[in-house]
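Coordinates in review
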Amino acid sequence: MKRRRICSLPKNRSFGPTGLLGKEIAIITMTLDEYEAIRLIDLDGMSQEACAESMGVARTTAQAIYNSARVKLAECLINGHELRIEGGEYILCQGEKLGCSCNHCHKKRSILQIKNGDD
Ligand SMILES: [Zn+2]
């Protein structure tokens, strides 16, 4: 599988319903490329074409990634599941490619994470 370029890492990797201490809840895993599609399209207001260009994939692939991400969000919201963001076939953008959406802020964060011993 061709790796998808992402320009941002999530600030939190886990989301879920509150006030359910001790209850077992199902976990839905969203990949980092799915997270990136939600960020670009739903938050930044990008078209699927622009999202595809930023991620370095075909428009149909971007659409499939986005659709999968939306279903996972809905499952968590409607069924009360925990959402975890991890994995996926991606490369972290270094800001060198044309058409990418990042503003290099992830580079600063990467340096901070290395200093803090985080991933
Ligand atoms: Zn970028």
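This structure is a prediction, so every number in the text was calculated from the model and none was measured. (Residues numbered from 1 in each chain as written. Predicted model: local features only at pLDDT ≥ 70, side-chain atom pairs only at ≥ 80, totals over all residues.)

This part is about helix α3 (residues 59-79). Its 21 residues give α3 an end-to-end C-alpha distance of 30 Å, which sits within 8% of 30 Å, the value for a rise of 1.5 Å per residue. Among all positions in α3, only A62, I65, Y66, A69, K72 and C76 are buried. Each buried residue of α3 sits inside an arc of 125° when the element is viewed along its axis, so together they form one side. Looking at α3, the residues exposed on the side facing more than 90 degrees away from the buried face are T60, A74, I78 and N79. Where α3 is buried, its residues touch β3 (27-30), α1 (32-43), α2 (48-55) and β4 (82-85). Positive phi shows up at G80, right after α3, with a value of about 75°. (Helix = DSSP H or I, 4+ residues; strand = E, 2+ residues; numbered from the N terminus. Expected span 1.5 Å × (residues − 1). Buried ≥ 20, exposed ≤ 12 C-beta atoms within 10 Å, placed from the backbone. Arc of directions from axis to C-beta. Contact = placed C-beta atoms within 7 Å.)

The next thing to look at is the packing of α1 against α2. Taken N-terminus to C-terminus, the directions of α1 and α2 make an angle of 135°; their axes are 10 Å apart at the nearest point. Overall, the two elements α1 and α2 adopt an arrangement that is oblique. Handedness of the crossing formed by α1 with α2: right-handed. Contacts from D33, E36, A37, L40 and I41 in α1 reach Q48, C51, S54 and M55 in α2. (Axes fitted to C-alpha atoms, helices over the stretch in contact; angles between N-to-C directions. Parallel < 35°, antiparallel > 145°, perpendicular 65-115°, else oblique. Left-handed = near helix turned anticlockwise from the far one by under 90°.)

A few words now on the environment of M55. Positionally, M55 belongs in helix α2. Ignoring anything within four residues of it in the chain, the contact list for M55 reads R4, R5, I6, D33, E36 and A62.

Let's shift gears to α2. Taken residue by residue, α2 has C51, A52, E53, S54 and M55 as its buried positions. Against the buried residues of α2 lie β1 (4-6), α1 and α3.

Attention shifts here to the sheet that holds strand β2 (residues 14-15). Pairing is mixed across the open sheet formed by three strands, whose spatial order is β2-β4-β3. The open sheet is flanked by β2 and β3, the only strands paired with a single partner. With two bridges joining them, β2 and β4 adopt antiparallel strand pairing. The residue bridging F15 from the neighbouring strand is L83, located in β4. Across the sheet, α3 lies against β3 and β4, angled at about 155° from β3, the strand it touches most. (Pairing = 2+ DSSP bridges.)

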